[in-house]
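Structural characterization, general
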Amino acid sequence: MTSPRSPRPSAPVARLIATDLDGTLLRDDKSVSERTVAALAAAEQAGIEVFFVTGRPARWMDVVSDHVHGHGLAICANGAAVVDLHAGGAFLEVRPLERPVALDVVRALRAAAPGTSFAVELTTGIHYEPQYPPFFLDPGATVATAEKLLFEEEPGSAAPVLKLLAQHSELDPDVFLALAREAAGDRAAFTRSSPTALIEISALGVSKASTLALCCAERGIAAEEVVAFGDMPNDIEMLSWAGRSYAMGNAHPDVVTAASGRTVGNNDDGVAVVIEQLVADALASRP
């Protein structure tokens, strides 16, 4: 399935593919299909770079670690970090949320939405409040109030904060996001990628799109030469920025509006369907 808004054949040849993972490249069981593995390899062989661009932290990138080719770079934590997957997820760049700002956001959301609980994602791992749903993948997490988790003796003495997470057990996800942006949108960037009322909070100006733009500028790649894929609100800025973009068949309605095209769902290899055509176009354009 592709929409009438899909790019015309005259669109610039793709130089870089930027794809989200959960709900996009990955199937619902978190696997990467054989068709998708083959498509990713074919893209790199055709000279098209592939960036994984995700809300996941670097330590959760093992789902694609066997499918990294070429440069091996990934944008994690919604743009807060650029990591080298060939080096075990080593941080190459960090765009942190300053702790005093994170504390201001915590206070603002506690006032605007009583019952909100928080988690703090650091470069060293995640920690969360007692009321926050536990991260079973991170059994070594510290459990304490957000104020204690964000405390540091001296500015810059503690591990950088990649993002703050806010969870509410009763509010509608989109309502919670709108409320949070109204309460503190002048201090930080708010988005979401979960079907539940879970908000991801980054430093002001940090998003998948802004970090991807920086990485592309370093490589001399224009937005028109980028093809992006996504399914949730944290992908919207990236899909709007890229010259060509595809909302998955399972995408949030706002993502469908933001993208220039649409493909089939993640369980039907929607990313691979488009990449196969991109590779064919790239090969056909060669002398």
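Residues numbered from 1 in each chain as written. Predicted model: local features only at pLDDT ≥ 70, side-chain atom pairs only at ≥ 80, totals over all residues. Heavy atoms only, no water.

Turning our attention to the overall build of the protein chain. Looking only at helices and strands, one finds nine helices and 13 strands in the protein chain. Its C-alpha atoms give the protein chain a radius of gyration of 19 Å, within 12% of the compact-globule value 19 Å for 287 residues. Its C-alpha atoms give the protein chain principal-axis dimensions of roughly 60 × 35 × 35 Å. Here the protein chain holds 287 residues, and the buried ones make up 54% of them. Across the protein chain, the fraction of contacts at a sequence separation of at least 24, relative to all contacts at a separation of at least 6, is 59%. (Helix = DSSP H or I, 4+ residues; strand = E, 2+ residues; numbered from the N terminus. Rg over C-alpha atoms; globule rule 2.2 N^0.38 Å. Buried < 20%, exposed > 50% of the residue type's maximum accessible area, 1.4 Å probe, protein only. Contact = heavy atoms within 4.5 Å.)

Taking strand neighbours across the sheet as the criterion, the five strands line up as 7-6-8-10-9 in an open arrangement whose pairing is antiparallel. The strands lining the two open edges of the sheet, one partner per strand, are strand 7 (125-128) and strand 9 (188-191). Direction aside, neighbouring strands of the sheet carry axes that sit 25 degrees apart on average. Pairing geometry for strand 6 (residues 117-122) and strand 8 (residues 161-167), over six bridges, is antiparallel. When the sheet's bridge partners are listed, valine 120 is paired in strand 8 with leucine 164. Running at roughly 175 degrees to strand 9, helix 5 (residues 173-184) makes contact with strand 8, strand 9 and strand 10 (198-203) of the sheet. (Pairing = 2+ DSSP bridges. Axes fitted to C-alpha atoms, helices over the stretch in contact; angles between N-to-C directions.)

Turning our attention to the nonpolar core. Counting 65 residues, the largest nonpolar core has Phe52, Phe190, Ile201 and Ile275 as the members making the most contacts within it. In terms of residue count, helix 9 (residues 270-284) provides more of this core than any other element does, seven residues in total. Leave out the neighbours within four places in its chain, and isoleucine 275 touches Ile17, Ala39, Leu40, Ala43 and Phe229. One finds Val53, Leu73, Leu212 and Val255 within the second-largest nonpolar core, a separate group that totals 22 residues. (Core = buried A, V, L, I, M, F, W, Y, C linked by side-chain atoms within 4.5 Å.)

Moving on, we come to the packing of helix 3 (residues 99-112) against helix 5. Pairs of packed helices are described in terms of their axes, by the angle between the two and the distance that separates them. Between helix 3 and helix 5, whose axes approach to 9 Å, the crossing angle comes to 125 degrees. Taken as axis vectors, helix 3 and helix 5 run oblique relative to one another. For helix 3 against helix 5, the interelement crossing comes out right-handed. The residues of helix 5 that touch helix 3, namely those facing Val105, Ala108, Leu109 and Ala112, are Leu179, Ala180, Ala183 and Ala184. (Parallel < 35°, antiparallel > 145°, perpendicular 65-115°, else oblique. Left-handed = near helix turned anticlockwise from the far one by under 90°.)

That is the geometry; function is a separate question.
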